[in-house]
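Remarks on the overall topology
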Amino acid sequence: MTLDTTWFTETYPKDGAAFSFKIKAKLHEERTPYQHIEIYDTEGFGKLMVIDGCVMLTDRDNFLYHEMMSHPVLFAHRAPKKVMVIGGGDCGTLREVLKHPGVEEAWQVEIDERVTRLAEKYFPELCSANDDPRARLYFGDGIQWLKDADPGSLDAIIVDSTDPVGPAEGLFNEAFYRNCHRALRPDGILVGQSESPLFHKALIESMHQAMRAAGFDHTRTLSFPQCVYPSGWWSATLAGKGVDPLQFREQDARKKEFDTLYYTADIHKAALVMPAFMEGIGG
Ligand code: AG3
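Residues numbered from 1 in each chain as written. Predicted model: local features only at pLDDT ≥ 70, side-chain atom pairs only at ≥ 80, totals over all residues. Heavy atoms only, no water.

1. As for the site of the ligand
For the ligand, the set of nearby residues contains 13 residues, the closest of which are Glu10, His66, Asp90, Asp160 and Asp163. Here Tyr65 contributes a side-chain N or O atom positioned 3.2 Å from a nitrogen atom of the ligand. Taken by itself the ligand offers 390 Å² of open surface, and the protein chains cover 98% of this. Secondary structure elements with two or more residues in the shell around the ligand: strand E5 (54-58) and helix H2 (62-76). Per-element accounting of the shell around the ligand gives the leading share, three residues, to E5. (Near = heavy atom within 4 Å. Polar contact = N/O pair within 3.5 Å; in protein donor to acceptor, adjacent residues only side chain to side chain. Areas by Shrake-Rupley, 256 points an atom, 1.4 Å probe, with all protein chains shown as cover. Helix = DSSP H or I, 4+ residues; strand = E, 2+ residues; numbered from the N terminus.)

In structure tokens, the structure reads:
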């Protein structure tokens, strides 16, 4: 093997940086109608899923992202019962959502069924909640699903998408957020993965603007470490319909009856504190 084939590298050309994994083996590669998927076994991070050249998740650190995409929004909501995940085909977010005993129905609407089938094979622990009777797996276009959703029928919407290019582009604009706003009940909360505070601040600002323009009353960004994503630092942006997602059920979070590896009530509070260069974003 040459050196090149023993490493997988995602480059960030705009920022002149990259992140690499030492590879033990390429386990799978395919082109679906939507994207190019690769699965690797790595030296240090366990299994790795890559879509269109971008790192999606590894065994070692996916808990950071999946917990922070799920628990802050669900503890910010007063009593989430019906939750929708858009994208999230690896089922890691769905698994976290189903840890909340009050959730009655959790939908995962993923456009590319192959992502889920490969996760079942290579990341079985992420799919361990898929046979929970409250889980509903649907393969299709999340944008259309939300357009068709009954108005006021959801408590929380979690957009666990790829970067805002290609199939996920339509998950970051005002038209999409309008459909989310319509589909949410009063007090409903939307959260979308919102890339890196350091590399993508303009995108985060544009998400806040688009969410407000779509009718949401309060918008907030939280951040967390994620060394395998561009800049090693990632974010999620929340939008509340009649509620401020800065507030959360802190006591419930403190006495939660499920395990997490990163999320705690204190992490929740800390994650919502913005660094100086981000102050004034959201409110
Ligand atoms: N969601 C994708 C985050 C985007 C990562 N971007 C990148 N590597 N350029 C991850 C899916 C996990 N459920």
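Having seen it, we continue.
2. Observations regarding the domain arrangement of the chain
Each domain of the chain was delimited in the assignment, giving domain 1 (2-58) and domain 2 (62-278). Its C-alpha centre places domain 1 at a distance of 24 Å from the equivalent point of domain 2. Taken together, the contact between domain 1 and domain 2 spans 24 residues of the former and 21 residues of the latter. With both sides pooled, the region where domain 1 packs onto domain 2 buries about 2100 Å², and carbon together with sulfur makes up 69% of that total. Linking domain 1 with domain 2 are one salt bridge. Counting every contact that joins domain 1 to domain 2 gives seven residue pairs in polar contact (both at pLDDT 80 or more). Taken together, the elements giving at least two residues each to the side of domain 1 that touches domain 2 come down to strand E1 (7-12), strand E2 (17-31), strand E3 (36-42), strand E4 (47-51) and E5. (Domains from an automatic or database assignment. Contact = heavy atoms within 4.5 Å. Buried area = accessible area lost by both parts, 1.4 Å probe. Salt bridge = Lys/Arg side-chain N within 4 Å of Asp/Glu carboxyl O.)

3. Observations regarding the nonpolar core
Of all hydrophobic cores here, the largest spans 44 residues; its most connected members are Phe8, Phe21, Leu48, Val73, Val97, Ile158 and Leu222. Of the residues forming this core, the biggest block, eight residues, is contributed by H2. Taken together, domain 1 (2-58) and domain 2 (62-278) each give at least three residues to this core, which thus spans both. With residues up to four places along the chain from it excluded, the contact list for Phe8 reads Phe19, Ser20, Phe21, Ile23, Tyr40, Leu48, Val50, Gly53 and Val55. Within the second largest apolar cluster, 26 residues are counted, among which are Met84, Trp107, Phe176 and Tyr177. (Core = buried A, V, L, I, M, F, W, Y, C linked by side-chain atoms within 4.5 Å. Buried < 20%, exposed > 50% of the residue type's maximum accessible area, 1.4 Å probe, protein only.)

4. Points about the pairing of strand E9 (residues 154-160)
The element E9 is largely enclosed, with a buried count of seven among its seven residues. Sheet topology note: the strand E6 (residues 82-87)/E9 ladder contains five bridges and is parallel. If you follow Ile86 over to E9, its bridge partner there is Val159. (Pairing = 2+ DSSP bridges.)

5. Comments concerning the packing of aromatic side chains
According to the stated counting rule, one finds 13 aromatic pairs in the structure shown. For the ring pair Phe21 and Phe45, a centre distance of 5.4 Å and an interplane angle of 85° mean the geometry is edge-to-face. Remark: Phe45 occurs in the loop between E3 and E4 and Phe21 occurs in strand E2; sequence separation between them is 24 residues. An aromatic cluster of at least three residues, connected via ring pairs, comprises Tyr65, Phe224, Tyr229 and Trp234. Over the ring of Phe45 we find Arg60; its NZ or CZ atom is 4.9 Å from the centre of that ring. (Phe/Tyr/Trp six-rings, centres within 6.5 Å; stacked < 30°, edge-to-face > 60°. Lys NZ or Arg CZ within 6 Å of the ring centre and 35° of its normal.)

6. Focus: unusual backbone geometry
Residue Asp187 is not a glycine yet carries a positive backbone phi of 80°. Inspection of the secondary structure assignment puts Asp187 in strand E10 (residues 184-193). You will see that Glu195, though not glycine, has its phi angle at about 65°, which is positive. Counting through the fold element by element, Glu195 comes out in the loop between E10 and helix H7 (201-213).

7. Things to note about the sheet that holds strand E11 (residues 218-225)
In space, the seven strands of this open sheet follow the order E8-E7-E6-E9-E10-E12-E11, with mixed pairing throughout. Looking at the sheet topology across the chains shown, the edges are occupied by strand E8 (135-139) and E11. Strand after strand, the sheet turns through a mean of 15° between neighbouring axes, direction not considered. By the bridge criterion, five bridges tie strand E7 (residues 105-110) to E8 in an arrangement that is parallel. The residue bridging Gln108 from the neighbouring strand is Leu137, located in E8. Docked against the sheet, helix H4 (residues 113-122) engages E7 and E8, running at close to 130° with respect to E8. Sheet contacts for H7: E10, E11 and strand E12 (233-240); angle to E11, the most-contacted strand, approximately 150°. (Axes fitted to C-alpha atoms, helices over the stretch in contact; angles between N-to-C directions.)

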